Amino acid sequence: MTSTITSASTAHHSERSNDRIREIPYNYTSFSDREIVVRLLGERAWTVLNELRTERRTGRSARMLYEILGDIWVVQRNPYLQDDLLDNPKRRVQLVDALKHRLGEVQKRRTPDVDSDRDAHVSELLTLVANAIAAFDTIFLKAAALRKETQKALGKLTASDNIKFDGLSRVSHVTDATDWRVEYPFVVLTPDSEAEMAGLVKGCIELGLTIIPRGGGTGYTGGAIPLTWKSAVINTEKLEAMTEVVMQTLPGHSAPVATIWTEAGVVTQRVANAAERAGFVFAVDPTSAEASCIGGNIAMNAGGKKAVLWGTALDNLASWRMVTPDAQWLEVTRLNHNLGKIHDADVASFELNYFEADGKKLIRTERLDIAGPSFRKEGLGKDVTDKFLSGLPGIQKEGCDGLITSARWIVHRMPQHTRTVCLEFFGNTKDAVPSIVEIKDYMFALQKRGDSSTVLAGLEHLDDRYLKAVGYATKSKRTHTGSSNGLPKMVLIGDIAGDDADDVARVTSEVVRIANSRNGEGFIAISPEARHKFWLDRKRAAAI
């Protein structure tokens, strides 16, 4: 029994070791040989290769076979080489002929009379390789034809310069902040205006292209990553029109509300700056605010440090416009907005107006009435497991149910006095983490009882990995045990704001006292310059 287990364990270890082998030449990617073989030839081919590997004699046939795969792979993973071969058909023919020649040389080395079983495996493998060469050759013919068709169809809808097949554009849109690379997009579209969007979506559908919406490319979930070569990335960064703060009467309100209208490509920080110029606060404040775009903020239901007080994108949208997968316009308007967190409302109502691609002919109108508390689980700022959100379109769907093109946001009045606290926690992390809940509960209890008008206007947590990555400079001067690099185990940065300066000071001191009880130290910034410095470390985390 022991011998059987040992044998099985050894076989499993050998299989795992083979998965890490890298014999295919010209492979400068993170893909292993197994992943390349499976993508080009199929899972069965990897099984056959492993069986033949143990029976190698000179290894010359294996090397030639891997050279074929290497040549195909390096072209597949390099759009610049693809462009060169598309522009030079003769060179492409020479490459394909060279691949076939190598395969023919492997065929000549077969020995069916010596070992018929082994030769049957070789025959099966060579057939798969021959099919891969044929597919490699055919894909160029398909790509060339599809490029002409795409240019002709979409050229009627946007400027020809906005239809990009070049290597640089495709390389720039193969991944997002995840750096996960699966397939290069077939084409990148950069429309000049919101009005072009519906037509481009309709055109891509008719061409059989998978549509990938993209803004700043700062997402960490892979939502902007193409998974098939027949994909079109629609980049919305040119959609950058926006207003300053506008007082507008929203449906269900008698008094005007401060709002900002933006197109999808507007960088988040620009909206925050516009709100600040008018003395207001834009609640959506992800760490990537200086690079992320509004469309992505909606599609991801972005939050940030201010979400603790004003919620995420979902809570702060007055209306938004998008193109559906049917190439129709959809305008969503929040009715009777509670001007606060959506889960505090008994019912959240939305009016949905669908229009034809021309944006003028109304197709139908729907109304959604959704229980406010259903949008979040208790204690969660955002429930990332609930993409459906009771059928509410656009928000938190990562672009899967349409492309966001513009939106109107509510903005908030910031209290007159703000202090920023930086709380450094040393010792055991498990002893420090409960302080997050304790601080939040303390602040919310003050408001609920009416004891204070001071609010927690922002809160961010950085653990020791982030602190090390951003080169955090510890503010505490004491020597702490259990910290080999002098860094805290955890840092909390928060804004405490109110209209009564004395009350803000009192509440801030109590927050620091809570941190002290958890082996933490608190530091308080009052001036705008000092407060900005406290938040800089949080901004640096966006580059990680």
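Keep in mind that what you see is a predicted model, and the values were worked out from it rather than measured.

**Here's the deal with the overall build of the chain**
Within the chain, the secondary structure is distributed over 18 helices and 17 strands. By the burial criterion, 48% of the 544 residues in the chain qualify as buried. Taking the contacts inside the chain whose residues are at least 6 apart along the sequence as the reference set, 69% of them involve residues at least 24 apart. Total accessible area on the chain is roughly 25900 Å²; 52% of this is exposed by carbon and sulfur atoms. In the chain, the 70 positive side-chain charges and the 70 negative ones have mean positions that sit 3 Å from each other.

**Notes on the packing of aromatic side chains**
What describes a pair of aromatic rings is the distance from one ring centre to the other and the angle between the planes of the rings. Evaluated as defined, the whole model comprises six aromatic pairs. Summarising the aromatic geometry, the rings of Phe186 and Trp229 are spaced 5.9 Å apart at their centres and angled 75 degrees between planes, so their arrangement reads as edge-to-face. Of this pair, Phe186 sits in the loop between helix H8 (167-172) and strand E2 (187-189) while Trp229 sits in the loop between strand E3 (210-214) and strand E4 (231-235), and the two are 43 residues apart along the sequence. Residue class for Phe186 comes out buried when judged on its relative accessible area of 3%. Aromatic pair Trp320 and Phe350: ring centres 6.1 Å apart, planes at 65 degrees, arrangement edge-to-face. A residue pair is termed long-range when its members are at least 10 positions apart, and Trp320 in strand E8 (residues 317-323) and Phe350 in strand E10 (residues 347-355) qualify at 30 residues. Ring pairing ties together the aromatic residues Phe165, Phe186 and Trp229, which thus form one cluster. Sitting over the ring of Trp329, Arg321 keeps its end group 3.8 Å from the ring centre. The ring of Phe534 has Lys475 sitting right over it, with the charged end atom 5.0 Å from the ring centre.

**A word on the packing of helix H3 (residues 43-53) against helix H7 (residues 116-154)**
Contact pair H3 / H7: the axes reach a minimum separation of 10 Å and the direction vectors enclose 140 degrees. The orientation of H3 with respect to H7, classified from their angle, is oblique. Two packed elements cross with a definite hand, and for H3 against H7 that hand is left-handed. Along its contact with H3, which presents Arg44, Ala45, Val48, Leu49, Glu51 and Leu52, the element H7 presents Arg118, His121, Val122, Glu124, Leu125 and Leu128.

**Re the layout of surface pockets**
Empty space within the second largest pocket amounts to approximately 870 Å³. Together, 29 residues line the second largest pocket, and Glu276, Lys305, Lys306, Asp495 and Arg531 are the ones closest to its centre. Listed by contribution, the elements that provide at least two residues to the lining of the second largest pocket are helix H10 (268-277), strand E7 (280-281), strand E14 (417-425), helix H17 (501-516) and helix H18 (528-540). With seven residues, H18 is the single largest residue contributor to the lining of the second largest pocket. In terms of residue class, the lining of the second largest pocket is built from 12 nonpolar, eight polar and nine charged.

**A look at helix H5 (residues 79-87)**
Listing the buried residues of H5 in full gives Pro79, Gln82, Asp83, Leu85 and Leu86. For H5, the angular spread of the buried residues around the axis is 165 degrees, confining them to a single face. In this structure, the buried side of H5 is in contact with helix H4 (60-76), helix H6 (89-108), H7 and H8. Its side-chain oxygen placed 3.0 Å from the backbone nitrogen of Tyr80, Asn78 serves as the N-cap of H5.

**Things to note about the sheet that holds strand E17 (residues 520-525)**
Reading across from one edge, E15-E16-E14-E17 is the order of the four strands in this open sheet, with antiparallel pairing throughout. The sheet terminates laterally at strand E15 (455-463) and E17, the two strands that pair on one side only. Going from strand to strand, the sheet's axes swing by 15 degrees on average, the running direction of each strand aside. Where E14 and strand E16 (residues 490-498) come together, nine bridges link them in antiparallel fashion. When the sheet's bridge partners are listed, Cys422 is paired in E16 with Ile493. Strands E14, E16 and E17 of the sheet are contacted by H17, whose axis makes an angle of about 10 degrees with E14.

**Considering the pairing of strand E9 (residues 329-335)**
Remark: a regular strand shows side chains that alternate across the two faces of the sheet. The buried fraction of E9 amounts to six of the seven residues, a majority that puts the element mostly inside the structure. Here five bridges tie E8 to E9, and the two strands are oriented antiparallel to one another. Along E9, the bridge assignment pairs Met322 with Leu330. The hairpin formed by E8 and E9 contains five residues between the paired strands, and Ala327 there has a positive phi angle of roughly 65 degrees. Pairing geometry for E9 and E10, over seven bridges, is antiparallel. Residue Arg334 lies in a different strand from E10, and its bridge partner there is Phe350.

**Quick look at the confidence of the model for the chain**
If pLDDT is low for a region, its predicted coordinates should not be looked at in detail. On average, residues of the chain score 92 in pLDDT, and 94% of them reach the 70 mark or higher. In the predicted structure, residues 1-14 sits below a pLDDT of 50 and forms zero contacts with residues beyond four places in sequence or in another chain.

**Considering the pairing of strand E12 (residues 403-410)**
Most of E12 is tucked away, with eight of its eight residues classed as buried. Of the pairings in the sheet, the one linking strand E6 (residues 257-263) to E12 comprises five bridges and is antiparallel in character. Its bridge partner being in E12, Thr262 is matched across the sheet by Ala407. Taken together, the six bridges between E8 and E12 define a ladder with antiparallel strand orientation. If you follow Val323 over to E12, its bridge partner there is Leu403.

**Notes on the side chain of Asp176**
You can see Asp176 is positioned in the loop between H8 and E2. For the buried Asp176, no salt bridge is present, and the opposite-charge side chain at shortest range is Arg214, 6.1 Å distant. Among the polar contacts listed, one links the side chain of Asp176 to the side chain of Thr178, at a separation of 2.6 Å. Ignoring any residue separated from it by four or fewer positions in sequence, one finds Asp176 in contact with Arg214, Gly217, Gly219, Gly222, Gly223, Ala224 and Ile225.

**Structural notes on the side chain of Asp33**
Relative to the helices and strands, Asp33 is located in helix H2 (residues 33-41). For Asp33, which is buried and forms no salt bridge, the nearest opposite charge comes from Arg53, at a distance of 5.4 Å. There is a polar contact of 2.3 Å between the side chain of Asp33 and the backbone nitrogen of Glu23. A polar side-chain atom of Asp33 sits 3.4 Å from the main-chain amide nitrogen of Ile24.

Parameters at a glance
Residues numbered from 1 in each chain as written. Predicted model: local features only at pLDDT ≥ 70, side-chain atom pairs only at ≥ 80, totals over all residues. Heavy atoms only, no water. Helix = DSSP H or I, 4+ residues; strand = E, 2+ residues; numbered from the N terminus. Buried < 20%, exposed > 50% of the residue type's maximum accessible area, 1.4 Å probe, protein only. Contact = heavy atoms within 4.5 Å. Areas by Shrake-Rupley, 256 points an atom, 1.4 Å probe, with all protein chains shown as cover. Lys, Arg positive; Asp, Glu negative; His and termini not counted. Charge placed at Lys NZ, Arg CZ, Asp CG, Glu CD. Phe/Tyr/Trp six-rings, centres within 6.5 Å; stacked < 30°, edge-to-face > 60°. Lys NZ or Arg CZ within 6 Å of the ring centre and 35° of its normal. Axes fitted to C-alpha atoms, helices over the stretch in contact; angles between N-to-C directions. Parallel < 35°, antiparallel > 145°, perpendicular 65-115°, else oblique. Left-handed = near helix turned anticlockwise from the far one by under 90°. 1 Å grid on protein atoms, 1.4 Å probe; cavity = no way out; pocket = protein on both sides within 12 Å on 5 of 7 lines; lining within 4 Å. Points joined across faces, edges and corners; volume = space filled by probe spheres on them. Nonpolar A, V, L, I, M, F, W, Y, C, P; charged D, E, K, R; others polar. Arc of directions from axis to C-beta. Polar contact = N/O pair within 3.5 Å; in protein donor to acceptor, adjacent residues only side chain to side chain. Pairing = 2+ DSSP bridges. pLDDT = per-residue confidence, 0-100. Salt bridge = Lys/Arg side-chain N within 4 Å of Asp/Glu carboxyl O.

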